[in-house]
Amino acid sequence: MNSKNLIQIKQFCLYHEIENTFITELNNYGLVEIIVQEEDEFLHTKQLPTIEKMIRLHYDLKINLEGIDAIAHLLNKIELLQQNLTATQNKLRLFEQHQIE
């Protein structure tokens, strides 16, 4: 994996002033993926926006990890439903255009 796309968990936690154990717990819930290289732990940069949302949910809104897990599950479901709706709308437009011709 390209190390340019990785951020060290220690540095991330220092920057956000959180405990490393929070990231470990998110990993235990399957909400983030920790990448181990040369005995050090990293996060992929693609995960950062999601992790930062989870940090705000936990530290600002005082939502526990079980709640964060439920919220993440529901948000993923909503995103999937939105993708399905968009695909269905596109198919309907094609069908309607074909009917007009």
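Heads up: these notes are all about the structure in this document. Since the model is a prediction, treat every value here as computed from it, not as a measurement. (Residues numbered from 1 in each chain as written. Predicted model: local features only at pLDDT ≥ 70, side-chain atom pairs only at ≥ 80, totals over all residues. Heavy atoms only, no water.)

### Brief notes about the layout of surface pockets
Moving on, step 1. One number sums up the size of the largest pocket: a volume of about 280 Å³.
Moving on, step 2. Together, 13 residues line the largest pocket, and Thr 50, Lys 53, Ala 72, Leu 75 and Asn 76 are the ones closest to its centre.
Moving on, step 3. Counting residues per element, the ones that place at least two in the lining of the largest pocket are helix H3 (48-60) and helix H4 (65-100).
Moving on, step 4. Sort the elements by how many residues they give to the lining of the largest pocket and H4 lands first, with seven residues.
Moving on, step 5. The residue makeup of the lining of the largest pocket, split by class, is seven nonpolar, four polar and two charged. (1 Å grid on protein atoms, 1.4 Å probe; cavity = no way out; pocket = protein on both sides within 12 Å on 5 of 7 lines; lining within 4 Å. Points joined across faces, edges and corners; volume = space filled by probe spheres on them. Helix = DSSP H or I, 4+ residues; strand = E, 2+ residues; numbered from the N terminus. Nonpolar A, V, L, I, M, F, W, Y, C, P; charged D, E, K, R; others polar.)

### Quick look at the pairing of strand E2 (residues 34-37)
Moving on, step 1. Two elements, E2 and strand E3 (residues 40-44), share four bridges in a ladder whose sense is antiparallel. What sits directly across from Ile 34, in E3, is Leu 43.
Moving on, step 2. Here E2 hands over to E3 after two residues, with Glu 38 in that stretch at a positive phi of 50 degrees. (Pairing = 2+ DSSP bridges.)

### Describing helix H2 (residues 20-28)
Residues three or four positions apart in an α-helix share a direction because the helix packs 3.6 residues into each turn.
Moving on, step 1. Of all the positions in H2, only Phe 22, Ile 23 and Leu 26 are classed as buried. The buried side chains of H2 occupy one side of the element, clustering within an arc of 95 degrees when seen end-on. Counted as exposed and oriented over 90 degrees from the buried face of H2: Thr 21 and Asn 28.
Moving on, step 2. Tucked into the core, H2 has its buried residues touching helix H1 (9-16), E2, E3, H3 and H4.
Moving on, step 3. A positive phi of about 80 degrees marks Gly 30, the residue just after H2. (Buried < 20%, exposed > 50% of the residue type's maximum accessible area, 1.4 Å probe, protein only. Arc of directions from axis to C-beta. Contact = heavy atoms within 4.5 Å.)

### Remarks on the nonpolar core
Moving on, step 1. Core analysis: the largest hydrophobic core is formed by 19 residues, its most contacted members being Phe 12, Phe 22, Ile 23, Leu 26, Leu 43, Ile 51 and Ile 68.
Moving on, step 2. If you list the elements that add at least two residues to this core, you get H1, H2, H3 and H4.
Moving on, step 3. Among all residues touching Phe 22, those that are not within four sequence positions of it are Met 54, Ile 55, His 58, Tyr 59, Leu 65 and Ile 68. (Core = buried A, V, L, I, M, F, W, Y, C linked by side-chain atoms within 4.5 Å.)

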